[in-house]
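# Per-entry structural report
Take a look at the letters that make up each chain.
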Amino acid sequence: MSIIKCCFEPVEMPEFLDSFVKKCTEGCCCGCCSALRPRYKRLVDNIFPVNPEDGLVKANMEKLTFYSLRSPEKLDRIGEYLYQRASKDINRKRYKFVEIAMESMDLLLMACHAQILNLFVESFLRMVQKLLEDTNPTLQIMATNSFVRFANIEEDTPSYHRRYDFFISKFSSMCYGNNDDLELRDSIRMAGIKGLQGVIRKTVSDDLVENIWEKQHMEKIVPSLLFNMQSVSGSKSVDQEATPSTPPVLAEAVLRELVSRASFGHIRAVLKPLLMHMDNHKLWVPNRFAIDTFRIVMISIQPQYSYTVVETLMSHLDQNLASSPKTRTSLAVVLSKIIAIAAGESVGPSALDIINNLLTHLKTSVSTQHESTPEETQYQEALINALGEFANHHPDYQKIEIMLFIMNTVPDPSKKNKGDTLLQNILLKSLLKVGTQYRTVSFEKAFPVSFLQPLLKMARASSLPIRVIVMQIFQQLLDRHQNQHLMNLISINNYPTLTVEQPSRSDILFTHKYGSNILQALIDAMTQENNMEILKPTYNTAGLMVVEMACGETVQEFLLFVLGVQQVAITEAELSPKHRCNLHSIAISLLILIGRCTGISTLVEYAEKVIQARMEEATYLLPPLLDNEKSAPSTLNTNLPHLMVDKLAIAECLQQAGLEHSRVQTGTPYSLHQTDMSAHRHSWVDTSSAARNSIVDANYNDIESVSSSPGVQKRSLASEFNFESMKRVLAEPTEASKREAREKQAAIGRTFRETAFEDLVRRTEPKHDVIQDKLNEIFNSLSTERQIGSCAGQLAKLEASAVDGGGAGGKLNQQRAVYENNFPELFFY
């Protein structure tokens, strides 16, 4: 039943007249039947002016808005009617009226409340779609702007039936606009990118609408954004513009927003079309655009998901192993540029998994490399750089774990075929890259046994490049005060800028335990061949050990090393004269460096005396080293004592400086071919080796041992080599307390050797009155107990005999009991 509103009273119209009135009002063109039309249609008609150039009639638009808010149930009919009028105007090419209809749609959309928005949205989206389907770019841009405004409205009511397939396809196609007019082309592309941004905002936050992360949608959105980003090179960054004004900048902003909204399960949906676009358009070589794009992804992604990008990129690298070396190198370079960003969030298994993948790629490259090519070498270096960048952003304790992990993958040095040697070289380079990022604080933490032992084995490898890399690894981990560049020069002159610091207690303990193993490996490395490439790095490593570890407690270890180098140069018959001269030069350089670093003036004076003698008689035994262009003399004056370093003279220098010298005087210098770490020549905890035992440890055992006490067996740390014994060893007294105990013991010895016995007794008696009184009290109590147990008759008999033999008894009483004698202080100590 309809109601006719005339100038008189409203009259109900019968139902059979409804269809008739509808036909009349729709077919009437003169307006005579307008009074019979519904009010919402009349309100809609009134917003359109007679002349379309005049634009929207704003007064009538306010009436329509007020009516729609009072009667929200009419919104769907209003929207439908506006859509019908706009469709007719589009067909008739009356674009001004279409713009007015779209403008009214936007105003109604902004005025509607979120609760009643669904009644109007369907008509609105149909209107937008109708405009987008038209070929007029102005209508397309206007429709896109309307859609963006709609996308920014938050809806409270979920929508179950909306689909945005058409909008995704249409906006993506607009991103590829190629109009001849550059300004119009940029406007169309900007509209397409904005439309995609609106679709993303509208669908990501609403789980009930279409899933924007599906493959068919991402394969349209991501390439569209990348196409605009690469269209103009060197565009300004989004951070430099408050409002993006060009397609590349806006596309970058939308890509950032898309990646930032991606969850863990959706990030791969973005990365796969990105990688596909790079492959299809050959954007890996050159890789400037690829690096910039992946940096945008890594910066925009949620931090906890960043390692997923690295894993996806490495997986893509696996798929491109058959590609050209340039493509793989570019992929590896991109990986090295972004992997540092993911390192901070990669811990535990994820970090080791990335390291393992990089090492696997290195091994694959080496195994498939038939000949060394510059492209393949660049690819391997890019992987090594990626490994170093990844390790650089981890804490130091994880860097040690990474180095240990890499060391365990290096083939055994006994394998000498070409493939294994090349793999050893590559993996040790990657280990060096990680070690370069490590900052050593304690040598005990930098060189755990599980890492030090295989590293020393590699230091004795037959391949010269491998030994050089191992020396470089030692230098990176030993150099705590940036002295490495100074040690590159083998010289007997003073290093004016050398930084020397007293080693800590833990470093001294490390030197006692493992210093001999490292020094032994250095001797083995430098004596294999006479080559500047290995002699200089070996001297550098030994010099850094002296600078970082040498002190009064460890100086004997380094002096034995110097004597060992000299002895090898004298006794090894297989060495060439030039090689012998170089070893003598290294030995004297290290000797004077030890004296200067430890501050032992007597040792410096002796070294300068030997240097002066060599300057006068044998300059070839002094630095610089003899290279291939110089010739050594056929006969060496190594039999002249004043030209050689004498261990007795060194021991005397230590003695004059007040330091221990027994090991230098009686110990055996280092020799060759001791390759097993378990068979090392000296261990700090091994006190059973008297010939090579440290005098410091010997004195400590003399003080603390109870072997001087009768009936007590001396302790042996070697037989008790476990955790508890190590704890006791680490808790030993300090050097100052040891020295004080030794001085006190020596003073007591001199006192008892030079003082008369009566004076000693007189000096000791006052100190032990309390002890002597206590002993007398104990023995008297024991005597009283025995007397109580005796019978009365025996007691009387004893008393009588005492009376009869008074003279003898008095004589006996004059004899002093043994336990009443005071012990001298010597035995009390």
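In this text the structure is predicted, and so the values were computed from the model without any measurement. (Residues numbered from 1 in each chain as written. Predicted model: local features only at pLDDT ≥ 70, side-chain atom pairs only at ≥ 80, totals over all residues. Heavy atoms only, no water.)

### Here we look at the pattern of salt bridges
Inspection of the entire model under this criterion finds 20 salt bridges. Of the charged contacts in the structure, one is a salt bridge between Arg256 and Glu252, with a shortest N-O distance of 2.9 Å. Pair noted here: Arg256 and Glu252 are both in helix H11 (residues 247-261), with a separation of four residues, about one helical turn. You'll find Arg256 and Glu252 in the same group, each marked buried. Here Asp292 ties to Arg288 by a salt bridge, and the two come within 2.8 Å at their closest N and O atoms. Of this pair, Asp292 and Arg288 both sit in helix H13 (residues 288-300), four residues apart, roughly one helical turn. Asp292 sits in the partly exposed class, given a relative accessible area of 33%. A single salt-bridge network, built from bridges that share partners, covers Arg201, Glu257 and Arg261. (Salt bridge = Lys/Arg side-chain N within 4 Å of Asp/Glu carboxyl O. Helix = DSSP H or I, 4+ residues; strand = E, 2+ residues; numbered from the N terminus. Buried < 20%, exposed > 50% of the residue type's maximum accessible area, 1.4 Å probe, protein only.)

### Some remarks on the nonpolar core
Counting 209 residues, the largest nonpolar core has Leu428, Phe447, Phe474, Phe561 and Leu591 as the members making the most contacts within it. When neighbours within four sequence positions are excluded, Leu591 is seen to be in contact with Leu559, Val562, Leu603, Tyr606, Ala607, Val645 and Ile650. Of all hydrophobic cores here, the second largest spans eight residues; its members include Ala618, Leu621, Leu643 and Met644. (Core = buried A, V, L, I, M, F, W, Y, C linked by side-chain atoms within 4.5 Å. Contact = heavy atoms within 4.5 Å.)

### Brief notes about the packing of helix H3 (residues 58-70) against helix H5 (residues 95-111)
The axes of two packed helices give the description: the angle between them and the distance between them. Running from N to C, H3 and H5 cross one another at 40°; their axes reach a closest spacing of 10 Å. As far as their axial angle goes, H5 and H3 are oblique. In this structure, H3 crosses over H5, and the sense of that crossing is right-handed. Contact with H3, carried on its side by Met61, Leu64, Thr65, Ser68 and Leu69, involves Ser104, Leu107, Leu108 and Ala111 of H5 and no other residues of that element. The class makeup of the residues in the contact of H3 with H5 is six nonpolar, three polar and no charged. (Axes fitted to C-alpha atoms, helices over the stretch in contact; angles between N-to-C directions. Parallel < 35°, antiparallel > 145°, perpendicular 65-115°, else oblique. Left-handed = near helix turned anticlockwise from the far one by under 90°. Nonpolar A, V, L, I, M, F, W, Y, C, P; charged D, E, K, R; others polar.)

### Brief notes about the confidence of the model for the protein
Here the protein shows a mean pLDDT of 79. Residues at 70 or above account for 75%. Below pLDDT 50 for its whole length, residues 233-240 participates in nine contacts with residues either more than four positions away or in separate chains. Across residues 674-720, confidence stays below pLDDT 50; counting only partners more than four residues off in sequence or on other chains, it has 83 contacts. (pLDDT = per-residue confidence, 0-100.)

### A look at the packing of aromatic side chains
Per the counting criterion, the structure on display carries 16 aromatic pairs. A ring pair is formed by Trp284 and Phe294, whose centres lie 6.2 Å apart and whose planes are at 25°; its orientation type is stacked. With a gap of ten residues between them, Trp284 in the loop between helix H12 (267-280) and H13 and Phe294 in helix H13 connect regions that are remote in the sequence. Here Trp284 matches Phe294 in class, with each residue buried. Here the aromatic cluster, defined as three or more aromatic residues joined through ring pairs, consists of Phe124, Phe147, Phe150, Tyr164, Phe166, Phe167 and Phe171. A cation over a ring is seen here: Lys202 above Phe150, with NZ or CZ 4.5 Å from the ring centre. (Phe/Tyr/Trp six-rings, centres within 6.5 Å; stacked < 30°, edge-to-face > 60°. Lys NZ or Arg CZ within 6 Å of the ring centre and 35° of its normal.)

### Let's talk about helix H22 (residues 464-478)
The first and last C-alpha atoms of H22 sit 21 Å apart over 15 residues, in line with the 21 Å expected at 1.5 Å per residue. Most of H22 sits inside the fold, with twelve of its 15 residues counted as buried. When H22 is considered as a whole, its buried residues turn out to be Leu464, Ile466, Arg467, Val468, Ile469, Val470, Met471, Ile473, Phe474, Gln475, Leu477 and Leu478. (Expected span 1.5 Å × (residues − 1).)

### A few points about a nonpolar patch on the surface
A grouping of Ile778, Phe779 and Leu782 is seen on the molecular surface, where their side chains present a nonpolar patch of about 230 Å² in accessible area. Topologically, Leu782 is positioned in helix H35 (residues 769-788). By relative accessible area, Leu782 is classed as partly exposed at 38%. (Patch = residues over 30% accessible without salt bridge, like charges linked within 9 Å, V, L, I, M, F, W, Y side chains within 5 Å. Areas by Shrake-Rupley, 256 points an atom, 1.4 Å probe, with all protein chains shown as cover.)

### Here we look at unusual backbone geometry
Peptide bonds are trans in most cases, and residues, glycine excluded, mostly fall at negative phi. Following Val285, the chain continues to Pro286 via a peptide bond in cis, the omega torsion being -5°. With respect to the helices and strands, the residue Pro286 is situated in the loop between H12 and H13. Of note, the amide linkage connecting Pro623 to Pro624 takes the cis form, showing an omega dihedral of 5°. With respect to the helices and strands, the residue Pro624 is situated in the loop between helix H28 (601-617) and helix H29 (647-656).

### Considerations on the environment of Lys337
Residue placement: Lys337 occurs in helix H15 (residues 325-343). Sequence spacing of Lys337 and Phe294 is 43 residues, and the spatial spacing of their C-alpha atoms is 8.8 Å.

### A few points about the side chain of Ser68
Tracing the sequence through the fold places Ser68 in helix H3. By relative accessible area, which is 1% here, Ser68 ends up buried. A distance of 2.7 Å separates the side chain of Ser68 from the backbone oxygen of Thr65, its partner in a polar contact. Among residues more than four places away in sequence, those in contact with Ser68 are Leu75, Ile78 and Leu108. (Polar contact = N/O pair within 3.5 Å; in protein donor to acceptor, adjacent residues only side chain to side chain.)

### What about the environment of Thr668?
Take Thr668: it is sitting in the loop between helix H30 (662-666) and helix H31 (695-704). Placed 104 residues apart in sequence, Thr668 and Gly564 show a C-alpha to C-alpha distance of 8.3 Å.

### Concerning the packing of H12 against helix H14 (residues 306-319)
Following both chains from N to C, one finds H12 and H14 inclined at 40°, their axes separated by 11 Å at the closest point. Taken together, the axis directions place H12 and H14 in an arrangement best described as oblique. Crossing handedness for the pair H12 and H14: right-handed. Listed contacts from H14 to Ile267, Arg268, Leu271, Leu275 and Asp279 of H12 are Thr308, Val309, Glu311, Thr312, Leu313 and His316. Class assignment for the residues of the contact of H12 with H14 results in five nonpolar, three polar and three charged.

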